Amino acid sequence: MGSDADGARPVGNPAAGVVHSLSERHETLATVESLTGGLLAASIVEIAGVSGIFLGGLVVYATELKSLLAGVPEDLLAERGPVDPDVAVALAQGGRRRCGADWGLATTGVAGPEPQDGKPVGLVYVAVAGPDGTDVRQLDLDGGRDHIRSAAVIEALRLLTERIHSTDATGGDGRAAARPR
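About the criteria used
- Residues numbered from 1 in each chain as written.
- Predicted model: local features only at pLDDT ≥ 70, side-chain atom pairs only at ≥ 80, totals over all residues.
- Heavy atoms only, no water.
- Helix = DSSP H or I, 4+ residues; strand = E, 2+ residues; numbered from the N terminus.
- Buried < 20%, exposed > 50% of the residue type's maximum accessible area, 1.4 Å probe, protein only.
- Core = buried A, V, L, I, M, F, W, Y, C linked by side-chain atoms within 4.5 Å.

### Remarks on unusual backbone geometry
Part 1 of the reasoning: Look at the link from glycine 112 to proline 113: it is a cis peptide, with omega at 20°.
Part 2 of the reasoning: Structurally, the position occupied by proline 113 is in the loop between β3 (103-109) and β4 (123-130).
Part 3 of the reasoning: If you check the backbone angles, histidine 26 has positive phi at about 55° while not being a glycine.
Part 4 of the reasoning: Along the polypeptide, histidine 26 turns up in the loop between α1 (14-25) and β1 (29-33).
Part 5 of the reasoning: Overall, histidine 26 belongs to the exposed group, its relative accessible area being 73%.
Part 6 of the reasoning: Although it is not a glycine, aspartate 117 sits at a positive phi angle of roughly 50°.
Part 7 of the reasoning: Along the chain, aspartate 117 falls in the loop between β3 and β4.

### Concerning the nonpolar core
Part 1 of the reasoning: One finds Leu29, Ile44, Leu105, Val124, Leu157 and Leu160 to be the most contacted residues of the largest nonpolar core, which totals 30 residues.
Part 2 of the reasoning: Secondary-structure elements contributing two or more residues to this core are α1, α2 (39-45), β3, β4 and α6 (145-170).
Part 3 of the reasoning: In terms of residue count, the dominant contributor to this core is α6 (9 residues).
Part 4 of the reasoning: One finds Val60, Ala90, Tyr125 and Ala127 within the second-largest nonpolar core, a separate group that totals 20 residues.

Encoded structure:
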């Protein structure tokens, strides 16, 4: 696994943590990737025992496939382009829905080497859709194409991990979970 957005190597394997957490919860995951081109799914399927939680993923590199396969509204793509926080959320929701998963995890952005549609190299959005809603995070990454893609994977997995743990803390419905006495 590469380095994260800050250039640090994560302690442990973030994909292993996600697989373990979802396995304990008996929940499933689907991915939808643009700039990471399958790297996110590959990092997840490296983990032993993943078949119990990972349903599959979509690689929707071409803009038109974001709509056709992942269900991103065509008007959203036409208005804002593929590198947008609402597109990232729509990708995560579409992957969750199309694959029938509890969680959807998505990446979109510009890995370079050139800017795309006026968006700078290193602008990335990672998004998660789960039982309690959605979340999106903007990343402004430095470095070359390989670093941007690997950092996007790590940050997407971190976002999912945070959402899983926040769902644990609220019991999945936004209210604080009962604590054992």
